[in-house]
Amino acid sequence: AAGTLSMERVEMLRAKELGLDIAEGASVTVRACLFSRNAGPAISVAGELALADSEVSEGTFWEWGTSNQHHQRSPAGILVTGPAADVTISHTRFAGNTTLERSYFRGGVTTGVGRGGALTILDGAVVLTDCTFTGNSTAGYEGAEGGAIHLAGGTLRAERCSLIGNTAEGSG
């Protein structure tokens, strides 16, 4: 069964793992909301998300080198995970999100790389319109990719967006 959720003027602050998890088949509309200082992806999307007039800021995701594929590629902001994911984001500000990788030896292999400080797309379709990405970053043992955005799969279309002062230790 598919679920539907509509959020307006909600603040989601200091979530410890994951702020909002949108499963495949679910549909969520978010307007004029604040996701801030979360310690993991603020939003994980495998279903439908329409996000507008909102802010995703100051999130930090610490990757501890687990073998879990999602943890190795999770941003502090939004993680788009499934082939059915359909995401539209407009007039939204992504600021000061950081993905930090802290690898350790697991079975003799160092694992994990910080990717996509604000947005990571593993699969699905994402459309960004009039969004701002500023001061987002990634850092890691093996280098990091996509200070603001990491596109590993799926599709991304961006229109009239600004990317300002985002950094990655590796590339992007």
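Just so it is clear, the structure is predicted and the values come from calculations on it, not from any experiment.

> Quick question: what am I supposed to make of the overall build of the chain here?
The number of helices and strands found in the chain is 1 helix and 23 strands. With 172 residues in all, the chain has 48% of them scored as buried. Relative to all contacts within the chain whose residues are 6 or more apart in sequence, the contacts with residues 24 or more apart total 65%. On the chain, roughly 7900 Å² of surface is accessible, and the fraction owed to carbon and sulfur atoms is 49%.

> How should I be thinking about the sheet that holds strand β20 (residues 149-151) in this particular structure?
Strands in a sheet are paired, the pairing made by backbone hydrogen bonds, and the direction either parallel or antiparallel. Spatial ordering of the open sheet is given by β3-β6-β10-β16-β20, a layout of 5 strands whose pairing is parallel. Two strands in the sheet have a free side with no partner beyond their single neighbour: β3 (20-22) and β20. When the angles between neighbouring strand axes are averaged without regard to direction, this sheet yields 5°. Two strands pair when backbone bridges link them, and β3 and strand β6 (residues 43-45) are joined in this way by 3 bridges, in the parallel orientation.

> I'm lost on the packing of aromatic side chains in this one. Help?
The relation between two aromatic rings is expressed through the spacing of the ring centres and the mutual angle of the planes. Summed over all chains, the structure comprises 1 aromatic pair. Here F94 and F133 contribute two aromatic rings whose centre-to-centre distance is 4.6 Å and whose plane-to-plane angle is 0°, an arrangement assigned as stacked. Of the two residues, F94 is situated in strand β12 (residues 93-95) and F133 in strand β18 (residues 132-134); the sequence distance between them amounts to 39 residues. The class of F94 is buried, set by a relative accessible area of 0%.

> Is there a simple way to think about the side chain of T129 in this case?
Position of T129 among the secondary structure elements: in strand β17 (residues 125-129). Not counting the four nearest positions on each side in its chain, T129 is found in contact with I89, S90, H91, E159, R160 and C161.

> What exactly am I supposed to notice about the sheet that holds strand β1 (residues 4-8) here?
Here 6 strands make up an open sheet; going across it, the order is β1-β4-β7-β11-β17-β21 and the pairing parallel. The open sheet has two edge strands with one neighbour each: β1 and β21 (155-159). Strand-to-strand twist in this sheet, taken as the mean axis angle between neighbours without regard to direction, amounts to 5°. Pairing between strand β11 (residues 86-90) and β17: 5 bridges, direction parallel. Considered in β17, the bridge of D86 is made with A125.

Cut-offs applied
- Residues numbered from 1 in each chain as written.
- Predicted model: local features only at pLDDT ≥ 70, side-chain atom pairs only at ≥ 80, totals over all residues.
- Heavy atoms only, no water.
- Helix = DSSP H or I, 4+ residues; strand = E, 2+ residues; numbered from the N terminus.
- Buried < 20%, exposed > 50% of the residue type's maximum accessible area, 1.4 Å probe, protein only.
- Contact = heavy atoms within 4.5 Å.
- Areas by Shrake-Rupley, 256 points an atom, 1.4 Å probe, with all protein chains shown as cover.
- Pairing = 2+ DSSP bridges.
- Axes fitted to C-alpha atoms, helices over the stretch in contact; angles between N-to-C directions.
- Phe/Tyr/Trp six-rings, centres within 6.5 Å; stacked < 30°, edge-to-face > 60°.

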